[in-house]
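So you can see what is in the structure, the chains are spelled out below.
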Amino acid sequence: MMNCITDFFTYETTKSVVVKSWTIGIINRVVQLLIITYFIGWVFYHEKAYQVRDTAIESSVMTKVKGFGVYNGKVMDVADYVIPTQGASVFCIITKLITTENQMQGYCPETEPKFGCKDDSDCTHWMQNTGGNGMKTGRCVGFNSSYRTCEIRGWCPAEIDTIKTEPMREAENFTIFIKNSIRFPRFNFTKGNLLPNITNKYMHKCNFHPERDIYCPIFRVGDVMKFAHQDFDTLAKDGGVIGIKIGWVCNLDMSDEHCNPKYSFTRLDSISEKSKVSPGYNFRYAKYFKTNNGTEYRTLLKAYAIRFDVMVYGDAGKFDMIPTLINMVAAFTSVGVGTVLCDIILLNFLKGADQYKAKKFEEVSEQQIKSSVPNGNDHYRSNQTLSLKYDEKQSTDSGAFSIGL
Amino acid sequence: MMNCITDFFTYETTKSVVVKSWTIGIINRVVQLLIITYFIGWVFYHEKAYQVRDTAIESSVMTKVKGFGVYNGKVMDVADYVIPTQGASVFCIITKLITTENQMQGYCPETEPKFGCKDDSDCTHWMQNTGGNGMKTGRCVGFNSSYRTCEIRGWCPAEIDTIKTEPMREAENFTIFIKNSIRFPRFNFTKGNLLPNITNKYMHKCNFHPERDIYCPIFRVGDVMKFAHQDFDTLAKDGGVIGIKIGWVCNLDMSDEHCNPKYSFTRLDSISEKSKVSPGYNFRYAKYFKTNNGTEYRTLLKAYAIRFDVMVYGDAGKFDMIPTLINMVAAFTSVGVGTVLCDIILLNFLKGADQYKAKKFEEVSEQQIKSSVPNGNDHYRSNQTLSLKYDEKQSTDSGAFSIGL
Amino acid sequence: MMNCITDFFTYETTKSVVVKSWTIGIINRVVQLLIITYFIGWVFYHEKAYQVRDTAIESSVMTKVKGFGVYNGKVMDVADYVIPTQGASVFCIITKLITTENQMQGYCPETEPKFGCKDDSDCTHWMQNTGGNGMKTGRCVGFNSSYRTCEIRGWCPAEIDTIKTEPMREAENFTIFIKNSIRFPRFNFTKGNLLPNITNKYMHKCNFHPERDIYCPIFRVGDVMKFAHQDFDTLAKDGGVIGIKIGWVCNLDMSDEHCNPKYSFTRLDSISEKSKVSPGYNFRYAKYFKTNNGTEYRTLLKAYAIRFDVMVYGDAGKFDMIPTLINMVAAFTSVGVGTVLCDIILLNFLKGADQYKAKKFEEVSEQQIKSSVPNGNDHYRSNQTLSLKYDEKQSTDSGAFSIGL
């Protein structure tokens, strides 16, 4: 019993060969130095492995657009050209409108050239078609005195969306105010993009600039286009989607004031630039009215818009004991990995490699064990024999096999 | 001093016992082979551990619905049945409407049966209730000549939402066009779901099909229901939420054209299928009008809709030196893990295990050390004694303790 | 050839020194126990390393607000005060409105005091300004008989947004019903927040309470404010953003009924509380009307609202063979890490450290190897010499260097 406990409280450590050779000694220390450098420089300093991280940022974005434009002789304000209206992280600024006023339910001729017809037989095959401006009745009716198109049932008159109209150029000077609050829930750290040093006065005259005014939360639409390497005129004409990214990469071991937003800009619908199939971004919506006698009519609007997506991402780190310990242990044990390389050199390429091999490897073969088993109690003698043998017979185990030892 | 430096530039390597036994040799190599296979097959080939990954995909989704339906004798187009209108990644197609026209502020009787009453005392307890169609006044008034209900103040007449109406069946044939641009910011890789080989002509006649037309970006509503294993009629009647997932799982070590979207479909509000408490999806909204004398009135709409959520996820990998090196080192060092298993076999289950133990373990006890301390300089002699001793006294350290050596 | 194969099927294991010392034995076993405890307690029990995890939750949120409020003498219902209307995961409850009725396109004086003027020269510098209520014409016109302001072109009359109005206090009693379905795609596990034991009857009278009714999916607005540690009156007056988080942290090794939602509440726009620059949350929208003769006019609404963001996160784990195996191997091999510490103690701080060093380290120097190379075949003799030598010359390698051995 006592013996058992004594046997349990023992300590096993590997027997080591210390090679006093300048060549391999220097290689060994250099490799160890490289590994330590890797851990200190990359793992600890660059990757900050001593920190716990939080990327599950909680964020709230409010936006407010300002500016006035003239379109079709009317002055448009925010309530007219921003959709949806509630100032969330995704919003569209309408830059071009094709307006079809006073549509009522009824029957009327199609407007698209492809629906041109001579008689009803030209129209029947369109009846299942989901395109156009309404349900095809299959009849061919006069669009004007000289031109006939297939008739539709639906909101009439049908929209003519091939009209060339100019975009609202004033949109270039509109400003977008972004208010962004963030929270890293793991650290209960809260901050916002209205930094404490931003005064009311500064806010009234600043515009974001990537060098001069990097913390100004007001963005001129034209500037945003420029920062995203886009041409305002093209986007205003065809529509598109612009991403405004706010990055909160914070080292919370430093003081709060070093945790600041970083703005970047990119075009999100890059596909629209290249593809001829479906360029830009537009959508249709309607305003509904009623006549005195209760008949509903509407104004259909086809809007070309620049959509803005405010995207917030965050990555905060703070010192924590557990990852520090784990990574320090990993670093310490990894220093030993260098022996894999050094062993290969020592046992294969160094002068006297065979002698080193003889020192490193003791050999024991099945035959020796078998021969010693019958006189099992006579350990001393059999071991003596063994030790003589292994000294005589040099191990030929090649270093290459030792990889991953 | 020089001595110190010499002592520093040494190399320590473990002394090893090479067991020349077929049994354990084969086990050893098989275990090593398994570990290597695991690393090559799983870690490197399957998990692509030689790549850096980017899952923080930047994505922009535009959607456009097409099709016409007839509802309540009116032709409905996109501007009527899609909400919100701006063609973003989340949109609803209204399939059923309960319309209450010409509501004005005033007093009127409730419509729900539970508000039925005999006299005012039946109505007072409802006054704090948030249900129904307006603020309860606590009075009992005549709904019609034979039936009395509690009076409300609010938009009158109150909505009767128990009316049975048929959904708009044409919605099954509506098509959804999805334009999706993505970007993997880490690799600055941009692509869209309008693949370069998709022509305008193909787009005008194709419909997505999971086998035939896997890259067609146009989806028939009825097909989407089928792919999500849902019944269109049930959804059109009660409303629901369908997820259209676009997956971009890309190996960027291969050429661009292998990075393609994968569409999948699922019902997101699965809870609505089972729960009787709140089936389906509906919401109320209003259109506001004004009479000639400036009084506001509205049309209240209770809309049953199918909501579509276009969800984009991405996972791209590209070869990178750092993870490759780290994982190769991990692989090399892990080959050594096999010794844990082999040691257990060698020292416990193999014939001649005791001899192997004797070869592997040298024993040194506190007593020996103590006895040798007084004549500390006479190392040779004391070691001699030790070596005799440990050869005589075979280590009884069991292999089980060696786990994790 | 055969020799080669025989040489290949060998097994290499480290030669170990077993130290039979109570001190180091106990230290060794305690360190090993700590490591095992760490792995069992932290890695396996706490971090559940035996599970594969899925955090890419698929979720669908539907919301429905109920309640009636009186504002400006009108009863407001859901269709009036909730925006956007479609009951998605983000919605605003309007609590205060500044209404400007009957705006038409035209010319009129500004309303903001800063645009006060004596003559046109006071107005010209405002012409490029994007603020105010319309495009500045540069003229100074009479606001009333005693007061003159710069003229604008746009929607007239201009909004006066400094009017003090009371928020709609009834909003405190509004209820929000949240229906949330989730799915963990990796495990194809589906659940919803309408738990199976929730009856229709319970739903009609329950309100969420963090202790009594933790699974009731109906939330009183006033309660939500309280749970988020906010004052309803302040938020109703200025507007704000409240986050309702639904967490699904599930151990899918247990039965389904243990996977339940956890609700938490937080104010998301914490920045608005502190900053005086831009407090609260408001936005403008318009309702459009037409006169009999077709002229468009509108009602402009500046809405102060409480925005609710329902955010769903999930983290599910389920037993899986691969992570279990990997982590068990990691645990087993990590037990060996304790030797690093024990070696330092053994070789430096223990009584008889020098003797232990002598046992652990065999020394071989370049000189010895060189001297033995000429008579390279006489291995036995040279090794004999070596062994004599290393026994005589005690290794002075310090334990500190052994770190990471």
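Within each chain, residues carry numbers counting from 1 in the order of the written sequence. Ligands are numbered from 1 and chains lettered from A, in the order in which they are written. Totals for whole chains, interfaces and linings use every residue, but because this is a predicted model, local features are given only for residues with pLDDT of at least 70 and side-chain atom pairs only at 80 or more, for both listing and counting. For side-chain calculations, the full set of non-hydrogen atoms in the structure is used, while hydrogens and water are omitted.

A look at the overall build of chain A
Then comes step 1: If you tally the helices and strands in chain A, you get twelve helices and 18 strands.
Then comes step 2: The C-alpha atoms of chain A give a radius of gyration of 39 Å, which is well past the 22 Å a tight globule of 405 residues would have.
Then comes step 3: Only protein chains enter the accessibility calculation, which uses a 1.4 Å probe; a residue is then buried when its area is under 20% of its type maximum, exposed when over 50%, and partly exposed in between. The buried share among the 405 residues of chain A stands at 56%.
Then comes step 4: Of the contacts made within chain A by residues no fewer than 6 positions apart, 69% connect residues no fewer than 24 positions apart.
Then comes step 5: The protein chains shown are the only cover counted for residues, whose accessible areas, like all others here, come from Shrake-Rupley with a 1.4 Å probe. Accessible surface, chain A as shown: approximately 18,100 Å² in total, 57% of it carbon and sulfur.
Then comes step 6: Across chain A, the centroid of the 47 positively charged side chains sits 3 Å from that of the 43 negatively charged ones. A run of H or I in DSSP becomes a helix once it reaches four residues, and a run of E becomes a strand once it reaches two; helices and strands are each numbered from the N terminus. As defined in this context, the radius of gyration uses C-alpha atoms, and a globule is described by 2.2 Å times the residue total to the power 0.38. In what follows, a contact means two residues having at least one pair of non-hydrogen atoms within 4.5 Å. In this count, Lys and Arg are taken as positive residues and Asp and Glu as negative ones, while His and the chain termini are left out. A single reference atom marks each charge: NZ on Lys, CZ on Arg, CG on Asp, CD on Glu.

Comments concerning unusual backbone geometry
Backbone geometry follows two general trends: most residues other than glycine have a negative phi, and most peptide bonds adopt the trans configuration.
Residues and elements named next belong to chain A.
Then comes step 1: Cis geometry is adopted by the peptide bond preceding Pro84, which originates at Ile83 and carries an omega value of -5°.
Then comes step 2: Structurally, Pro84 is set in the loop between strand E7 (82–83) and strand E8 (90–109).
Then comes step 3: With omega at 0°, the peptide bond leading from Cys156 into Pro157 counts as cis.
Then comes step 4: Mapped onto the elements of the fold, Pro157 is located in the loop between strand E10 (147–156) and strand E11 (175–184).

Here's the deal with the relation of the copies chain C and chain B
Then comes step 1: For the least-squares superposition of copies, only C-alpha atoms count, and only for residues with pLDDT at least 70 in both. Superposition record for chain C on chain B: RMSD 0.0 Å, screw rotation 120°, translation along axis 0.0 Å. With respect to symmetry, the two chain copies, as superposed, fit the operation of a three-fold axis. Taking the C-alpha atom as reference, chain C places C:Lys15 closest to the rotation axis, 3.2 Å from it.

Brief notes about the pattern of salt bridges
Then comes step 1: Note on definitions: salt bridges are taken to be side-chain nitrogens of Lys or Arg within 4 Å of carboxyl oxygens of Asp or Glu. Taken as a whole and assessed by the stated rule, the structure comprises 70 salt bridges over all chains.
Then comes step 2: Among the salt bridges present, the one from A:Lys15 reaches B:Glu362, with a minimum N-O distance of 2.9 Å. Note that A:Lys15 is positioned in the loop between strand E1 (11–14) and strand E2 (16–20) and B:Glu362 in strand E18 (residues 361–365), a pairing that runs across two chains. Of the two residues, A:Lys15 and B:Glu362, neither departs from the other in class, the shared state being buried.
Then comes step 3: Between C:Asp161 and C:Lys302 there is a salt bridge, and its shortest N-O distance comes to 2.8 Å. One end of the pair, C:Asp161, is in the loop between strand E10 (147–156) and strand E11 (175–184); the other, C:Lys302, is in strand E17 (residues 296–319), and 141 residues separate them in sequence.
Then comes step 4: The class of C:Asp161 is partly exposed, set by a relative accessible area of 25%.
Then comes step 5: A single network of salt bridges, built from pairs that share partners, joins A:Glu159, A:Asp161, A:Arg284 and A:Lys302.

Concerning the interface of chain C and chain B
Then comes step 1: The partner chain B presents 91 residues to the 89 residues of chain C that form the contact.
Then comes step 2: Counting every contact that joins chain C to chain B gives nine salt bridges.
Then comes step 3: With its nearest N and O atoms 2.5 Å apart, the salt bridge here joins C:Asp77 to B:Arg298.
Then comes step 4: Identification of polar contacts relies on pairs of N or O atoms within 3.5 Å, with a donor-acceptor requirement for protein atoms, meaning one able to donate a hydrogen and the other able to accept it, and with residues adjacent in sequence counted only if both atoms are side-chain atoms. Joining chain C to chain B, the criterion identifies 38 residue pairs in polar contact (both at pLDDT 80 or more).
Then comes step 5: Among the elements that take part in the side of chain C that touches chain B, strand E4 (residues 58–66) of chain C stands out by supplying seven residues, more than any other.
Then comes step 6: Classification used: nonpolar for Ala, Val, Leu, Ile, Met, Phe, Trp, Tyr, Cys and Pro, charged for Asp, Glu, Lys and Arg, polar for all others including Gly. Residues that form the side of chain C that touches chain B fall into these classes: 34 nonpolar, 34 polar and 21 charged.
Then comes step 7: When DSSP finds at least two bridges between two strands, those strands are taken to pair. As judged from the five bridges shared by E18(B) and strand E2 (residues 16–20) of chain C, these two strands associate in the parallel manner.

With respect to the confidence of the model for chain A
Residues and elements named next belong to chain A.
Then comes step 1: A residue's pLDDT is the predictor's confidence in that residue, given on a scale from 0 to 100. In the predicted model, chain A carries a mean pLDDT of 86, and 92% of its residues have values of at least 70.
Then comes step 2: Note on residues 375–405: pLDDT under 50 across the span, and 67 contacts to partners over four residues away in sequence or across chains.
Then comes step 3: Predicted as a complex, the structure gets a pTM of 0.86 and an ipTM equal to 0.83.

Considerations on helix H2 (residues 22–46) of chain C
Then comes step 1: Looking only at H2(C), the buried set comprises C:Ile24, C:Gly25, C:Asn28, C:Arg29, C:Val31, C:Gln32, C:Ile35, C:Phe39, C:Val43 and C:Phe44.
Then comes step 2: The inward-facing, buried residues of H2(C) abut helix H1 (2–8) and E1 of chain A together with E2, helix H8 (321–335) and helix H9 (338–349) of chain C.
Then comes step 3: Backbone geometry just after H2(C) places C:Lys48 at a positive phi near 50°.

Quick look at the interface of chain B and chain A
Then comes step 1: Contact with chain B, which involves 88 residues of that partner, is made by 90 residues of chain A.
Then comes step 2: Buried area between chain B and chain A, summed over both chains or domains, comes out near 7,900 Å², and the portion from carbon and sulfur atoms is 56%.
Then comes step 3: Once two parts are joined, some of their accessible surface, as seen by a 1.4 Å probe, is lost; buried area is that loss totalled over both. Considering only the surface of chain B that becomes buried against chain A, B:Tyr11, B:Lys15 and B:Phe68 emerge as the three largest contributors, covering 11% of it.
Then comes step 4: Across the contact surface, chain B and chain A share nine salt bridges.
Then comes step 5: In this structure, A:Lys245 and B:Glu58 form a salt bridge, with 2.3 Å as the shortest nitrogen-oxygen distance.
Then comes step 6: Between chain B and chain A we count 38 residue pairs in polar contact (both at pLDDT 80 or more) in total.
Then comes step 7: When residues in the side of chain B that touches chain A are grouped by element, the largest group, seven residues, is from strand E4 (residues 58–66) of chain B.
Then comes step 8: Looking at the side of chain B that touches chain A residue by residue, the class counts come to 34 nonpolar, 33 polar and 21 charged.
Then comes step 9: One ladder, built from four bridges, connects E2(A) with strand E1 (residues 11–14) of chain B; its direction is antiparallel. Its bridge partner lying in E1(B), A:Val18 is registered against B:Glu12.

Re the sheet that holds strand E18 (residues 361–365) of chain A
Then comes step 1: Here we have three strands laid out as an open sheet, ordered E18(A)-E2(B)-E1(C), and mixed in their pairing. Each of the sheet's edge strands pairs with one partner strand only, and the pair in question is E18 of chain A together with strand E1 (11–14) of chain C. Each strand of the sheet is rotated relative to its neighbour by a mean of 25°, with strand direction disregarded.
Then comes step 2: Docked against the sheet, helix H10 (residues 353–360) of chain A engages E18 of chain A together with strand E2 (16–20) of chain B, running at close to 60° with respect to E18(A). Every axis corresponds to a line fitted to the C-alpha atoms, with the helix fit spanning only the stretch in contact, and the corresponding angles, defined between N-to-C directions, vary from 0 to 180 degrees.

Let's talk about the pairing of strand E9 (residues 135–144) of chain C
Residues and elements named next belong to chain C.
Then comes step 1: Of the strand pairs in this sheet, E9 and E10 are connected by six bridges, and their pairing is antiparallel. Note that in E10 the partner of Cys140 across the bridge is Cys150.
Then comes step 2: Counted between consecutive antiparallel strands, the loop separating E9 from E10 contains two residues.

Here's the deal with the sheet that holds E1(B)
Then comes step 1: Taken together, three strands build an open sheet; the order of strands is E1(B)-E2(A)-E18(C) and the sheet is mixed. On the outer flanks of this sheet lie E1 of chain B together with strand E18 (361–365) of chain C, each paired with one strand and no other. Shown here is a sheet whose adjacent strand axes are inclined to one another by a mean of 25°, direction ignored.
Then comes step 2: Its contacts with the sheet put helix H2 (residues 22–46) of chain A on E2 of chain A together with E1 of chain B, and the angle it makes with E1(B) is roughly 85°.

Examining a nonpolar patch on the surface
Then comes step 1: Only residues whose relative accessible area exceeds 30% and that take part in no salt bridge are eligible for patches, with like-charged residues grouped when within 9 Å of each other and nonpolar side chains (Val, Leu, Ile, Met, Phe, Trp, Tyr) grouped when within 5 Å. Side chains of B:Trp22, B:Ile26, B:Val30, B:Leu34, C:Met1, C:Met2 and C:Ile5 sit close together on the surface and give an oily, nonpolar patch of about 710 Å² of accessible area.
Then comes step 2: Counting residues per element, the ones that place at least two in the nonpolar patch are helix H2 (22–46) of chain B together with helix H1 (2–8) of chain C.
Then comes step 3: Ranked by the residues each element gives to the nonpolar patch, the list is headed by H2(B), at four residues.
Then comes step 4: Mapped onto the elements of the fold, B:Trp22 is located in helix H2.

Description of the state of the cysteines
Then comes step 1: Criterion for a disulfide: a pair of cysteine sulfur atoms within 2.5 Å. Throughout the structure, instances matching the rule amount to 15 disulfides over all chains.
Then comes step 2: Between the sulfur atoms of B:Cys117 and its disulfide partner B:Cys140 the distance amounts to 1.9 Å. Here the disulfide of B:Cys117 and B:Cys140 is right-handed, its torsion about the S-S bond being about 95°. Linking B:Cys117 in the loop between strand E8 (90–109) and strand E9 (135–144) with B:Cys140 in strand E9, this pair joins segments that are 23 residues apart in sequence. We note that B:Cys117, like B:Cys140, is buried.
Then comes step 3: In this model, C:Cys123 is linked to C:Cys150 through a disulfide, with the two sulfur atoms separated by 2.0 Å. Residues C:Cys123 and C:Cys150 share a disulfide whose torsion about the S-S bond is about -95°; that sign makes it left-handed. A residue pair is termed long-range when its members are at least 10 positions apart, and C:Cys123 in the loop between strand E8 (90–109) and E9 and C:Cys150 in strand E10 qualify at 27 residues. Comparing C:Cys123 with C:Cys150 shows no difference in burial state: the two are buried.
Then comes step 4: For chain A, the disulfide bridges join cysteines in the arrangement 1-6, 2-4, 3-5, 7-8, 9-10, where the cysteines are counted in sequence order.

Describing the packing of helix H9 (residues 338–349) of chain B against helix H10 (residues 353–360) of chain B
Residue and element names in this part refer to chain B.
Then comes step 1: Axis separation between H9 and H10 bottoms out at 6 Å; the angle between their running directions is 120°. Relative to H10, H9 is oriented oblique. Residues Asp343, Leu346, Leu347 and Asn348 of H9 lie in contact with H10, whose contacting residues are Ala353, Tyr356, Lys357 and Lys360.
Then comes step 2: A per-class count over the contact of H9 with H10 returns four nonpolar, one polar and three charged. The labels follow the angle: roughly parallel below 35 degrees, roughly antiparallel above 145, roughly perpendicular from 65 to 115, and oblique for the rest.

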